[in-house]
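This is what each chain is made of:
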Amino acid sequence: MSTDAAAAASAERHGSLLSLEAVVVAFGGLQALGGVDLQVSQGDRLALLGPNGAGKTTLFNVIAGDIKPTSGRVTIKGIDCTELPARFRPRLGVARTYQKTRLFRGLTVEDNLYLAQTGRSGRHLALLRSGVDAEFRDRARAMAETVWLADVVGTTAGDLSHGQQRQLEIGMALVTGPEFVMLDEPASGLSRGERERLVQLLLSLDRDITLLLIEHDMDVALRAAHRVVVMNEGHTVASGTPTEIRVDPLVHAIYLGSEAGLGGADP
Amino acid sequence: MSPTGTASGPARPGWTLRRLLSARNLVVAAATALALLLPLFGSNFFVEFVMTRTMILGIAAATIVFLAAYGGMISLAQYLLAGVAGFMVGNAVVAQDAWSKGLKLGWNPWVAVLFALAVTTAVAFVLGALASRTTGIYFLMITLTYAVIGYYVFGSITPLSGFGGITGIDPPGLFEDHPVRMYLALVVLSVLVYVSFRVLAATPFGLALQGIRDDPVRMASLGFNVSLHRTLAFTLAGFTAGLAGVFNVWWNGQIDPTSISIGPTLDLLIVAVIGGTLSLEGAWLGAFVFVAANNYLRNLPLVDHIGITEARFNTIVGVLVLLIMILSPDGLAGIIERVRKGLHRLFQPPPGPGSTPAEAAAGSP
Ligand SMILES: Nc1ncnc2c1ncn2[C@@H]1O[C@H](COP(=O)(O)OP(=O)(O)O)[C@@H](O)[C@H]1O
Ligand SMILES: [Mg+2]
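Not measured: the values here are computed from a predicted model.

Each value, and the rule that gives it
Residues numbered from 1 in each chain as written. Chains lettered and ligands numbered in written order. Predicted model: local features only at pLDDT ≥ 70, side-chain atom pairs only at ≥ 80, totals over all residues. Heavy atoms only, no water. Phe/Tyr/Trp six-rings, centres within 6.5 Å; stacked < 30°, edge-to-face > 60°. Helix = DSSP H or I, 4+ residues; strand = E, 2+ residues; numbered from the N terminus. Buried < 20%, exposed > 50% of the residue type's maximum accessible area, 1.4 Å probe, protein only. Core = buried A, V, L, I, M, F, W, Y, C linked by side-chain atoms within 4.5 Å. Pairing = 2+ DSSP bridges. Patch = residues over 30% accessible without salt bridge, like charges linked within 9 Å, V, L, I, M, F, W, Y side chains within 5 Å. Areas by Shrake-Rupley, 256 points an atom, 1.4 Å probe, with all protein chains shown as cover. Salt bridge = Lys/Arg side-chain N within 4 Å of Asp/Glu carboxyl O. Axes fitted to C-alpha atoms, helices over the stretch in contact; angles between N-to-C directions. Left-handed = near helix turned anticlockwise from the far one by under 90°. Contact = heavy atoms within 4.5 Å. Nonpolar A, V, L, I, M, F, W, Y, C, P; charged D, E, K, R; others polar.

Participant: For this particular structure, what's the right way to read the packing of aromatic side chains?
Facilitator: For any two aromatic rings, the description comes down to two numbers: the centre-to-centre distance and the angle of the planes. All names here are of chain B. This structure, assessed with the given rule, holds 15 aromatic pairs over all chains. Pairing Phe-45 with Phe-49 gives two aromatic rings, centres 5.2 Å apart and planes at 10°, and the pair type is stacked. Here Phe-45 and its partner Phe-49 are both found in helix 3 (residues 44-71), four residues apart, which amounts to about one turn of the helix. For Phe-45, a relative accessible area of 41% corresponds to the partly exposed category. The class of Phe-49 is partly exposed, set by a relative accessible area of 31%. Both rings, one in Phe-247 and one in Trp-250, keep their centres 5.1 Å apart while their planes meet at 75°; by these two values the pair is edge-to-face. Separated by three residues within a single helix, Phe-247 and Trp-250 lie in helix 11 (residues 226-252), roughly one turn from each other.

Here it is as structure tokens:
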């Protein structure tokens, strides 16, 4: 391989994975996003901070294709995804979790983790089980173990405790083998010990996986991320390394003016 | 890890003997055996009328339950789809020289069945595709609209429905003048439909359908084509309703637009509600209660005494449905399930000394 090709491959690998240009989302009169620009490269670990109502979840919804932006452009891996329905995102390696859990409440933990994989494969229209299916099953059980649900694989998702549901929510995103994961407040409702486990899990993710994390718990966010973007009232207002953000006066002003202080976890 | 996966973990043992011998399956098997032996001791009227009608309505209602329980869709179009199959059979089999109406194609009855099922399946696919983007009450409203439009379509295209209906529709020789054979065929078909729906629920397709029932947004974000999935499920239910429609028209010997009007459409929904829209077995149970009430209730001396005439039968059924819905949103099947659980608790050994008072209190009714 020539050095040129190697350089091109490297640029491709570290190039822009996600790019948002002037993304606006308006709900009636309310502008949830007022023209957001954001670049995310492969392997980035980016935390999105900001008070409630800042537009963080809305930003996730736009990236995931769950809502279409009023204007602006969303590019993932160089493909314009602005108009592309949500169901094409998994083929680009995108996976997400939801702030308010969205589980298949009538199905078992294992079936939830199994279904999370079949959508991308085209196997979901099949009437027979096959070898691929067995692989999905094995991976589902392995993921249940990863997110500490090994002893409840046969339990119906609706019967899980709140913390277990949050864990399953994360497992469903990770089990797809994503290149780009978006986690919307994964630590909310978890105990201190569970939060620590979560940080360890996030830190153990493959280096090539790109992570976009919304998290109110500063400790979790600043430990898991290399870069932080702060949002307020639909705009990005600051960005930098966790250390820079910790001491940024503007960030302090926004956070002190809202419910949570820097460094403290949200109750 | 096991390469086959089918029997590798405790979570999914496949169709092991233990799972096949569950209480639920044993009850269904016993009911099937009883239904198959019924002609040996049941009266002609009970077998050829009450039970035959029960099986036809049961299969049709099972398609409602299938869509509701696994797909989260309550369809009011199932009776229409059965009617489409019935009209197709009627038009296809009646001979040119018969004293009847319709297209009078005079085809072989089995060819007519294939034709009717093909048309019904195609119609179901188109109707399903149009309705598949909606859920909940909107899906119900759209399918109700289908039922109403279907009635008017058959009512106004008289070459197809022959002014006031097609008469003299004979079943194939296998069933003609052999009502018991027809009944037995319906029992077998009922079992096939029931088993197929339950097996389907465990396939990749069936699991995805239940995922869509629980959270269509999540399913889309996982890469599933939600509307295609709903459409295919609706098509399958339509095909099955078509099977019921074929037997229905053989059994009645005739079909007219009134037979697919809003009345029978709602009757089928009532059958599903009586049995319980979340339990497949409930479809046949509901059908039996409905048909039995229809045939026996009005002959009760008490009913005559307090002046409830045939015209007021609907009131009785209405009150019955209301009672069942108040007592159990899951219909009769739900009531049976609760009684079963209650008995189970009653005969369970009392909690051991190790259990806490709270546990003991929770264990007693
Ligand atoms: N579907 C919606 N319809 C109307 N308003 C919405 C909708 N989703 C979010 N919003 C509004 O947009 C703003 C941003 O919300 P959100 O993105 O959820 O904030 P965050 O996740 O940062 O707390 C809030 O004012 C919220 O009320
Ligand atoms: Mg949010």
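Now that the structure has been shown, we can carry on.
Participant: Explanation requested: the nonpolar core in the structure shown.
Facilitator: Soluble, globular proteins show a tendency: their nonpolar side chains are buried together. Phe-66 and Trp-250 of chain B are the most contacted members of the largest nonpolar core, which has 87 residues in total. At 16 residues, the largest contribution of residues to this core is made by helix 3 of chain B. Judged by nonpolar contacts, the second largest core, of 47 residues, contains Leu-107, Phe-136, Val-153 and Leu-211 of chain A.

Participant: Can you help me understand the sheet that holds strand 4 (residues 71-76) of chain A in this one?
Facilitator: Within a sheet, neighbouring strands are paired by backbone hydrogen bonds and run either parallel or antiparallel to one another. All names here are of chain A. Spatial ordering of the open sheet is given by 2-1-4-5, a layout of four strands whose pairing is antiparallel. Looking at strand neighbours, the two that pair on one side only are strand 2 (30-41) and strand 5 (79-80), the edges of this open sheet. Where strand 4 lies against strand 5, two bridges are found, and the strand directions are antiparallel. Considered in strand 5, the bridge of Ile-76 is made with Ile-79.

Participant: When you look at a nonpolar patch on the surface in this model, what are you seeing that I'm missing?
Facilitator: Residues and elements named next belong to chain B. Together, Leu-17, Leu-20, Leu-21 and Leu-26 give the surface a local cluster of nonpolar side chains, amounting to about 390 Å² of exposed area. Following the sequence through the fold, Leu-26 ends up in helix 2 (residues 23-41). Note on Leu-26: relative accessible area 45%, which makes it partly exposed.

Participant: Whenever I open this one, the packing of helix 5 (residues 109-131) of chain B against helix 6 (residues 136-156) of chain B confuses me. Can you help?
Facilitator: The description of two packed helices rests on the angle between their axes and on the distance between the axes. Residue and element names in this part refer to chain B. Closest axis-to-axis distance for the helix 5/helix 6 pair is 10 Å, and the angle between their directions is 145°. The way helix 5 lies across helix 6 gives a crossing that is right-handed. Where helix 5 approaches helix 6, its residues Leu-127, Leu-130 and Ala-131 are matched on the opposing element by Phe-139, Ile-142 and Tyr-146. Split by residue class, the contact of helix 5 with helix 6 holds six nonpolar, no polar and no charged.

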